[in-house]
Structure formats: C-alpha cells, structure tokens
Amino acid sequence: MSAEGRTEAEATARADADEEIREELPSGVSPGEAREGARDATSWAKNVSTLEVADVPEGAVNINVEGKRLASPIQGFGKMWQKTYRVRIPGERVSPTDLIALWKERFPEFWPEGNRFHAPLTGISPGEVALINAALPGGMKLSTGVMVLYADEESFTLMTPQGHMFAGWITFSSIAREGDTVAQAQVLMRASDPIFELGLALGGHRQEDRFWEQTLTALAAHYGHEVEVDTQVVCVDRKRQWRRASNVWHSSAIRSTMYTAGAPLRWLRQKLGRGSAGGKSTA
Amino acid sequence: MEVRQPSESASIIDIAGDVTSASEDVLMNAYGRASGAGVTSLVLNFGGLDYMNSGGIGLLVTLLVRAQRQRQRILAFGLSDHYRQIFELTRLDDAVGIHDTEHEALAAAGAN
C-alpha cells in the first residue's frame with residue numbers, strides 16, 4: 001500500500017534493505033527502480049503503437065484488430081462508467097491466486113453462449129492479443145478483440161482497440177475477504193462512438209451487465225457454489241466527448257456488418273477463382 | 001501522499017509507494033487537498049513511485065476526469081522510463097503532460 005501508511009520502524013527497515021540492495025546494483029539504478037523492475041518485468045505488456053495478431057485461430061475474424069491502436073476511456077466518446085461485478089466463493093474451495101490462475105487458463109469457458117473469445121495460443125499473458133466474436137441484439141455478430149494489458153498472480157486486465165464497442169479496459173481480480181475468496185470483474189469504459197453510445201442506452205448496458213453476471217456465475221459454479229452476483233454501476237463522467245464522435249469511422253459494428261454483407265460476394269469470387277477472400281478470416 | 005502548492009495556480013502531489021486500486025482514498029484525499037480555489041494545474045510527482053498496476057492507471061483516469069470537471073490540467077514528472085511507456089501504452093499521455101523535472105512541469109503549467 002501507499003507509503004504514508006508505513007510506521008517509522010518499517011521506514012527504517014526499508015532504508016536498511018535499500019542500502020543492501022544498493023550495494024548490488026549498477027551505478028545509477030535506485031533500489032526503488034530495481035524493486036519496480038522486478039515486480040513489473042513480466043506483468044505489463046510491452047509498449048506497442050498498433051496491434052498485431054500473431055495467429056488467427058480457426059473460425060475467428062480479424063477485421064477490426066490488426067493495425068488498430070489501443071483506446072483508453074480518455075479516447076472514448078460516451079459517458080464514462082465504472083461497473084463492478086463480484087461473487088464470493090467460500091475460501092476453503094479456492095484461494096485468490098488459484099482462482100486467477102484458473103480464470104486465465106480457462107477464460108473462454110466461462111463466457112455466455114453465443115460469444116467466442118479466441119484465446120491466444122500462449123494464454124492470457126501480457127501483450128497477447130485475443131480475437132472476439134460477440135453476439136449483439138438482432139442476431140448481429142461483432143468481430144473485435146482485446147489486448148492483455150497487465151497480468152500477475154492476482155489480476156489481469158484486457159484493453160480494447162479502436163472500434164471496439166467501448167474504449168477502456170476490464171480488470172479481473174481476486175482477493176481474500178472474511179474467509180471468502182472474492183472474484184471481481186471491473187470495467188472502466190466509455191462507448192467508443194455515438195452509435196455504440198445509443199446502443200448502450202437502448203439495452204446494451206443491461207446486456208453487458210448480464211454478460212459479466214453470467215460469466216461470474218459460471219466461474220462460481222465451477223467451484224460448486226451457487227451465488228448471486230453483486231453488481232455496482234457508477235457513472236464517473238456524465239459528459240460525452242463530442243470531439244471523439246469521429247471514432248465511428250473505426251466502428252467494429254459497421255465494419256462487421258459490411259463484412260457479413262459481403263460474404264456472398266467473397267464466396268462468389270472464390271468460386272470463380274478470381275482472387276482470395278477479402279477479409280482475413282480463416283473461416 | 002504529500003501536497004505542496006508552489007504557486008497560487010498549481011499544486012504538486014508527491015506520490016509515494018504503490019498506486020493500486022487500493023490507493024483510491026489516499027489519492028482522492030490528496031486531490032481534495034491539492035485542489036484549492038484558484039488551482040488550475042495539478043502536477044503529479046512520480047519520483048517516489050515504487051509500483052503501479054492497472055488498477056492504479058484506472059485511478060489516474062478517474063482523477064483526470066475529476067480534474068477536467070474543475071477545468072484543471074494534469075501534468076506529471078519523475079516517471080521512470082518504464083512508467084513513461086505504460087502511460088504511452090494506455091494512452092494516458094494524450095491527456096497528461098509528461099515532463100522530466102518539476103521545474104519543467106511548473107513552467108508548462110505557467111507557474112514558474
């Protein structure tokens with residue numbers, strides 16, 4: 001936790017430890033930097049300007065991820081929301097670190113039916129990109145993806161690219177509390193563009209809530225525990241960022257719809273042998 | 001976290017230790033102390049930062065929103081190369097002016 005909570009004894013112990021570390025470090029590297037480097041070396045993704053998809057799994061569509069930049073809530077359009085979904089599982093059934101290890105390993109299995117998370121071959125690890133086929137109202141399929149921004153033993157975070165339905169990230173974490181293991185998914189987001197903002201207002205928020213509630217229910221059920229999900233929704237910023245309205249140019253909804261509509265034409269072109277498929281699907 | 005006010009229009013928050021989602025009360029309390037009348041720029045000093053995870057980055061986004069609501073700018077200095085890259089990766093650098101030193105940050109805030 002933060003430094004102001006330390007006692008004088010802790011501060012002295014820390015100073016002594018720093019002195020010991022300093023003796024073993026190259027000149028110019030502070031103990032703080034050494035500690036930070038050790039804890040962070042494998043947790044954060046390396047800096048990238050645009051996303052690259054190493055392998056496109058069978059059945060996945062990579063039309064809205066390759067070459068896109070990541071988008072934080074700062075780059076989004078709509079109101080800013082923080083949504084927290086939580087379940088408590090008896091602590092004797094699983095520890096927080098074991099729960100996160102399993103969640104990372106079998107992440108797609110807990111998703112509701114009709115949605116596919118094409119996990120990277122190397123699993124949920126920092127910098128990896130996963131493709132997503134999501135079901136939208138009206139039977140529409142959305143092709144998008146996420147990058148693993150951060151992952152350690154207690155949490156992992158997925159960040160969205162430009163054109164995703166929202167700009168932001170989702171952090172999955174687990175802590176021990178009062179004998180229970182609490183599993184949590186927390187979304188910090190703005191709708192990416194005016195169309196997605198409208199969609200969220202017209203039932204999209206409820207659908208998203210159901211999505212993560214079903215995911216956490218499935219996770220708890222894996223440990224033989226039936227439980228209701230505690231959902232907390234906070235509007236962090238009610239203002240829309242109209243200067244970001246042009247994000248609609250990257251909209252994965254529009255691009256996915258056009259891709260789907262173009263399927264017969266691609267099929268015909270393939271049949272006639274005049275060229276390869278227009279998209280990057282392996283389907 | 002210590003708060004300093006080197007000029008009427010700028011406050012500095014000296015961040016120390018870890019910044020994670022558990023730091024919310026401490027950081028928002030510091031923001032409250034730093035955000036007095038007439039303060040138009042908040043400068044975050046990351047020189048004492050030990051460790052920050054994605055929950056900490058989320059907190060900074062929330063802090064940014066609160067500051068923007070008050071028509072305040074956020075600037076930062078003292079970031080290690082590693083955390084500079086994290087700011088770029090998460091695109092926080094679009095909204096937070098990053099500087100090498102306190103002097104440069106205050107100059108950019110027009111508070112020197």
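Residues numbered from 1 in each chain as written. Chains lettered and ligands numbered in written order. Predicted model: local features only at pLDDT ≥ 70, side-chain atom pairs only at ≥ 80, totals over all residues. Heavy atoms only, no water.

Considerations on the overall build of chain B
Each helix and strand counted, chain B has 4 helices and 5 strands in total. Going from the N terminus to the C terminus, chain B shows its helices and strands as β-β-α-β-α-β-α-β-α. Counting over 112 residues, chain B shows a buried share of 56%. A fraction of 71% describes how many contacts in chain B between residues 6 or more apart in sequence connect residues 24 or more apart. Carbon and sulfur atoms provide 42% of the accessible area of chain B, an area that totals close to 4400 Å². (Helix = DSSP H or I, 4+ residues; strand = E, 2+ residues; numbered from the N terminus. Buried < 20%, exposed > 50% of the residue type's maximum accessible area, 1.4 Å probe, protein only. Contact = heavy atoms within 4.5 Å. Areas by Shrake-Rupley, 256 points an atom, 1.4 Å probe, with all protein chains shown as cover.)

Some thoughts on the packing of helix 3 (residues 96-105) of chain A against helix 4 (residues 194-222) of chain A
Residues and elements named next belong to chain A. In contact at an axis separation of 12 Å, helix 3 and helix 4 are set at 120° when each is read in the N-to-C sense. Comparing the axis directions of helix 3 and helix 4 gives the class oblique. Note that helix 3 runs across helix 4; the crossing there is right-handed. Contacts between helix 3 and helix 4 involve Leu 99, Leu 102 and Trp 103 from the first element and Thr 215, Leu 216, Leu 219 and His 222 from the second. (Axes fitted to C-alpha atoms, helices over the stretch in contact; angles between N-to-C directions. Parallel < 35°, antiparallel > 145°, perpendicular 65-115°, else oblique. Left-handed = near helix turned anticlockwise from the far one by under 90°.)

A few points about the interface of chain B and chain A
Between chain B and chain A, the contact holds 32 residues from the first and 36 residues from the second. In total, chain B and chain A occlude about 2900 Å² of area from one another, counting both sides; carbon and sulfur atoms represent 54% of this. A per-residue breakdown of the area chain B buries against chain A is headed by Asp 50, Leu 89 and Arg 91 of chain B, which together make up 25% of the total. Viewed at the interface, chain A and chain B are joined by 0 salt bridges. Counting every contact that joins chain B to chain A gives 9 residue pairs in polar contact (both at pLDDT 80 or more). (Buried area = accessible area lost by both parts, 1.4 Å probe. Salt bridge = Lys/Arg side-chain N within 4 Å of Asp/Glu carboxyl O. Polar contact = N/O pair within 3.5 Å; in protein donor to acceptor, adjacent residues only side chain to side chain.)

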